[in-house]
Amino acid sequence: MEAELLIIADNDLEYGLKKGYYPQMEEALNNDKLEILSINEFKRRQIITKTVPLFNGQDCYLRNPYTGCYISVDDNDLPNVFADSRTIAVKETLIRMGAKNISIYEETADKDTSQTTVNAEAGKGPIKGNVGVDYTNDISLNIKSKIEYHNPNNQPRKFKRVKDFVISHGLGSDNNILPWLERFREDGKLSGTESIEVSFLSEVQNALRITASIDYKLFNAGIEFGHKHSHIHSITKKLSVDFG
């Protein structure tokens, strides 16, 4: 299983980890929620990230469960990337279940607030000063989108193929997909027309919770780097599907 949170360590952090200087990170490492890679190991494994790492010791990424790609925790587009990826995964699942027509509509207001605090030590010797800098970005978006699929000749795939797709694309515990998947397993196909409302982005907040246990000052000996990423949203997509 790939880790939910990925940190690319610079030489200082890598050295400290090998020497056991950061025991507070062991729990996350042991339960496979966190993976810490050296720069060389990251390059060797060719891990896919949405943005190119800076390799400055502050590269921290969340895994998008719907695509397997890693996205920076500081990426302003993080919530929308997760929502769009999940939408596509749901659509592709329904196609594999034999859906003939799919319509997904969205019209929503969305606000994201990201605050970064940097406290850098200045000066040498017994007397030191502190320079504090705060950065706050508020991004408001009005989102309108529509995804449609129409194929009257579409046929359902085998149940195992559908289940494998659901699990590999982060929908294995999705309360909207599971009832359809269970009916598909029992009947071998689905029929009729259904409309539901699907709420998005709660998974983003769940994913970000793991970052709360990671202290950013570990990434740079001279800087305390704190990050607070809150998302105030009401994103609901209306989904209509016709299985014929």
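The rules behind these values
Residues numbered from 1 in each chain as written. Predicted model: local features only at pLDDT ≥ 70, side-chain atom pairs only at ≥ 80, totals over all residues. Heavy atoms only, no water. Pairing = 2+ DSSP bridges. Helix = DSSP H or I, 4+ residues; strand = E, 2+ residues; numbered from the N terminus. Axes fitted to C-alpha atoms, helices over the stretch in contact; angles between N-to-C directions. Contact = heavy atoms within 4.5 Å. Buried < 20%, exposed > 50% of the residue type's maximum accessible area, 1.4 Å probe, protein only. Parallel < 35°, antiparallel > 145°, perpendicular 65-115°, else oblique. Left-handed = near helix turned anticlockwise from the far one by under 90°. Nonpolar A, V, L, I, M, F, W, Y, C, P; charged D, E, K, R; others polar. Salt bridge = Lys/Arg side-chain N within 4 Å of Asp/Glu carboxyl O. Phe/Tyr/Trp six-rings, centres within 6.5 Å; stacked < 30°, edge-to-face > 60°.

**Looking at the sheet that holds strand β3 (residues 59-63)**
In spatial order, the strands read β2-β1-β3-β4; together these 4 strands make up an open sheet with mixed pairing. Either end of the sheet is taken by a strand with one partner, and the two such strands are β2 (34-38) and β4 (70-72). Pairs of neighbouring strands in the sheet enclose a mean axial angle of 30°, with direction left out of account. Across 4 bridges, strand β1 (residues 5-9) lies against β3 in antiparallel orientation. Of the residues in β3, the one forming a bridge with L5 is L62. Together, β1 and β2 form the strand contacts of helix α1 (residues 11-18), whose direction differs from that of β1 by roughly 110°. This element, helix α4 (residues 78-96), spans β3 and β4 of the sheet and lies at about 155° to β4.

**A look at unusual backbone geometry**
Despite not being glycine, Q46 has its phi angle at roughly 55°, a positive value. Summarising the element assignment, Q46 is placed in the loop between α3 (39-45) and β3. Take Q46: its relative accessible area is 67%, and that puts it in the exposed class.

**A closer look at the packing of helix α5 (residues 159-168) against helix α6 (residues 177-187)**
Running from N to C, α5 and α6 cross one another at 165°; their axes reach a closest spacing of 10 Å. As judged from the angle between their axes, α5 and α6 are roughly antiparallel. Pair α5 / α6 crosses with left-handed handedness. Of the residues in α6, those touching α5 at F159, V162, K163 and V166 are I177, L181, F184 and R185. Grouping the amino acids of the contact of α5 with α6 by side-chain chemistry returns 6 nonpolar, no polar and 2 charged.

**A word on the pattern of salt bridges**
Opposite charge on two side chains allows them to pair when their charged atoms are near. Under the counting rule described, the total for this entry stands at 11 salt bridges. Measuring nitrogen to oxygen at the nearest pair gives 2.5 Å for the salt bridge that ties R45 to E35. Here R45 is found in helix α3, whereas its partner E35 is found in strand β2, with 10 residues between them in sequence. A residue is classified by how much of its surface remains accessible, and R45, at 35% relative accessible area, is partly exposed. Of the residues examined, E35 reaches a relative accessible area of 22% and is grouped as partly exposed.

**Details of the packing of aromatic side chains**
Following the criterion strictly, the structure yields 3 aromatic pairs and no others. Ring geometry for F159 against F184: centres 6.3 Å apart, planes inclined by 35°, an arrangement best described as tilted. Of the two residues, F159 is situated in helix α5 and F184 in helix α6; the sequence distance between them amounts to 25 residues. You can call F184 buried: its relative accessible area is 2%. Relative to F243, the ring of W180 lies with its centre 6.4 Å away and its plane at 70°, an arrangement referred to as edge-to-face. With W180 in helix α6 and F243 in the segment after β9 (236-242), this pair connects stretches of sequence that are 63 residues apart. By relative accessible area, which is 3% here, W180 ends up buried.

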